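# Fold and contact review
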Amino acid sequence: MPSIFFFHSIFFIVGKRLKNQKNVLFIVIDQLRADCIFGSLAEKIQLPNINKLISDSTAFKAHYSVANPCGPSRASLLTGQYAMNHRSVRNGTPLNANTVNIAEQMRKLRYEPMLFGYTDTSLDPRSVHPNDPAIATYEQSMPGFSEKLEMRLEESYPWRSFIKQQGYPDRSYDDFYKPVQDPNGPKRIDAPAFYRAEHSDSAFLTDQTIQTLQVRTEQNWFAHVTYIRPHPPFVAPEPYNDMYANTDFAQAKTFNDSNSLDHTHPYLAIQQELMNSHEVVQGDFAKADKRDPEVARTMRSMYLGLITEVDHQVGRLIDFLKATDQYDSTLIVVTADHGEMLGDHGIWGKQTIYDKAIHIPLIMRDPQNSVAHGSEVTALTESVDIMPSILHWCGMEKLPNALNGSSLLPFLQGVTPKHWREHIFYELEFGEPAKPTLFQTRLDIDLHQANVAILREEKYKLVHFNGALAPLLFDLESDPDETINLADNAEYTSVLVDMLQKMLNHRMDNADRSLSDMQVSAQGTVNF
């Protein structure tokens, strides 16, 4: 007789389990910066579930996203390619329909790639009819995925329907993320959301994921679960909205002197200007001065609260695996698509060149290799490494030629691979094809020049702008906050040249090799 468990208002039945089961739970938390999990901010946040998972997994402490914002970062994450190859370089830029991706590769391994959430994929207009509404949004699902639950930020129809069923007063979706002010008290930035915590978008996503997975214990499954939180707009249900209001945590590091790099470099100065109109909350405080220390502190505390909320939901998924005897048959991957500046350098969001926008957490638990459980990896790893790691773990012997990343399985087995990378590579576009951005007009550069590439080693970081903009060179050991540009310092000329050569070599080494590693011959195509 199967057992019946009660779990957060959800009944699920534990039936038979497939012998030698191999599942994948691939969790992406949107806009989560690394120091909230591994660094100084993490010391102030309640993360009981993620911390417990870290103690039973491998934690990658020097893991980086290779592109920004959401669409490009997820394109790289799910194709294993740098943006220079997949070319879906901004939200709304189509992804070539022929691009190799994790979903279609998992199907080759007899897995149904289930999606709970979103991938922010802009479809190739050549692959659909011009009237197809699928090309009217950048929030489409990547081809190959079975979209089990639509939770796109700009749509979220299932969640909205669920909220309506719970008896909340009708409200426009435009007002879902506006906090509810106490009519008898002062207005607060961190006033709570109108919905209760058990009905939040994060809770609903977890509920639906568990409901779907509870009847799949007799098969191998792959679940890509994507939480929109702590992505803005910052608003949280009680108790998460103000649980860190009085906590002594690190404040935003701003460098407001007119002579500081943030105000003298042309690109960074324009970014500072654009921050004046950048909103991270909705409602009465949407136009609040984010440079006000108290405003910034409150917004940061709300962000931390949203992380604790997601931690609770991640814990529910792990508890489900344990209750259904699948914890030791499931590869668990927890990461983010990109980071969040949180007011550091006066910047909010992620579309910038600083480490806080690209340094993200990665936690992986390989149930087959307990030797690395509780270990830390400080080698430089990239978001493009996750796809080949999952495919490798699931049994794919020959990985696609198109991949730029490398499998992390040796680290999960307690082994550091020989000749591992010594740098990470990151790209960002800051132009738009529909209407030129302020960067394009102010700097007098065209769309193809409005981009930047970054090569980051443990010690040095090169920021190379297109369009003849001055480069940036940071010594991260002596200047971890990235405030002193050494690019025009004669003492560092050799370092600058060396970094430029390494960036050029990296781009040449990683050019798209989908077909170029093959050769047609009378005996057939080599490497096909």
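Relevant structure appears above.
Here we summarise the structure given alongside this text. Only a predicted model underlies this, so the values are computations on that prediction, with no experimental measurement involved.

Moving on, we get to the pattern of salt bridges. Think of it this way: side chains of opposite charge can pair up when their charged atoms draw near. The tally for this structure, following the rule as stated, stands at 37 salt bridges. The closest approach of N and O atoms between arginine 152 and glutamate 147, which form a salt bridge, is 3.0 Å. When its relative accessible area of 33% is taken as the criterion, glutamate 147 is described as partly exposed. One continuous salt-bridge network, built from bridges that share partners, spans Arg33, Asp35, Arg300 and Asp344.

Under the definition given, this model contains 18 aromatic pairs. Ring pairs connect the aromatic residues Trp159, Tyr168, Tyr173, Phe176, Tyr177, Phe194 and Tyr195, which therefore count as one cluster. The ring of tryptophan 393 has lysine 22 sitting right over it, with the charged end atom 4.4 Å from the ring centre. Above the face of the tyrosine 327 ring, lysine 322 is positioned so that its terminal group lies 4.8 Å from the ring centre.

With that settled, consider the sheet that holds strand 15 (residues 472-475). Spatial strand order, 12-13-14-15: four strands in an open sheet with antiparallel pairing. Edge positions in the sheet fall to strand 12 (424-429) and strand 15, since each has one partner strand and no second. Going from strand to strand, the sheet's axes swing by 15° on average, the running direction of each strand aside. By the bridge criterion, six bridges tie strand 12 to strand 13 (residues 451-456) in an arrangement that is antiparallel. Looking across to strand 13, one finds that glutamate 429 is bridged to asparagine 451.

This part is about the side chain of asparagine 85. Along the chain, asparagine 85 turns up in helix 3 (residues 83-86). Residue classification places asparagine 85 among the buried positions, given a relative accessible area of 15%. For asparagine 85, the side chain forms a polar contact with the main-chain oxygen of asparagine 510, separated by 2.7 Å. When residues no more than four places from it in sequence are discounted, the contact partners of asparagine 85 are Asn404, Asn510, Ala511 and Asp512.

What follows is about the environment of glutamine 208. Residue position: glutamine 208 is located in helix 6 (residues 201-213). Sequence separation of glutamine 208 and proline 158 is 50 residues, and the distance between their C-alpha atoms is 10.0 Å. If we skip the residues at most four places from it in the chain, glutamine 208 touches Phe116 and Leu149.

With that out of the way, let us pick up helix 10 (residues 386-393). The element helix 10 is largely enclosed, with a buried count of seven among its eight residues. Those residues of helix 10 not exposed but buried are Ile386, Met387, Pro388, Ser389, Ile390, Leu391 and Trp393.

The next thing to look at is helix 1 (residues 48-55). Every buried residue of helix 1 is accounted for by Ile50, Leu53 and Ile54. Along the axis of helix 1, the buried residues cluster in a sector spanning 100°; they form a single face. Helix 1 presents Pro48, Lys52 and Ser55 as exposed residues on the side facing more than 90 degrees away from its buried surface. Those residues of helix 1 hidden inside the fold are in contact with strand 4 (58-64), helix 9 (293-323), strand 8 (330-336) and strand 9 (359-365).

Definitions and limits used
Residues numbered from 1 in each chain as written. Predicted model: local features only at pLDDT ≥ 70, side-chain atom pairs only at ≥ 80, totals over all residues. Heavy atoms only, no water. Salt bridge = Lys/Arg side-chain N within 4 Å of Asp/Glu carboxyl O. Buried < 20%, exposed > 50% of the residue type's maximum accessible area, 1.4 Å probe, protein only. Phe/Tyr/Trp six-rings, centres within 6.5 Å; stacked < 30°, edge-to-face > 60°. Lys NZ or Arg CZ within 6 Å of the ring centre and 35° of its normal. Pairing = 2+ DSSP bridges. Helix = DSSP H or I, 4+ residues; strand = E, 2+ residues; numbered from the N terminus. Axes fitted to C-alpha atoms, helices over the stretch in contact; angles between N-to-C directions. Polar contact = N/O pair within 3.5 Å; in protein donor to acceptor, adjacent residues only side chain to side chain. Contact = heavy atoms within 4.5 Å. Arc of directions from axis to C-beta.

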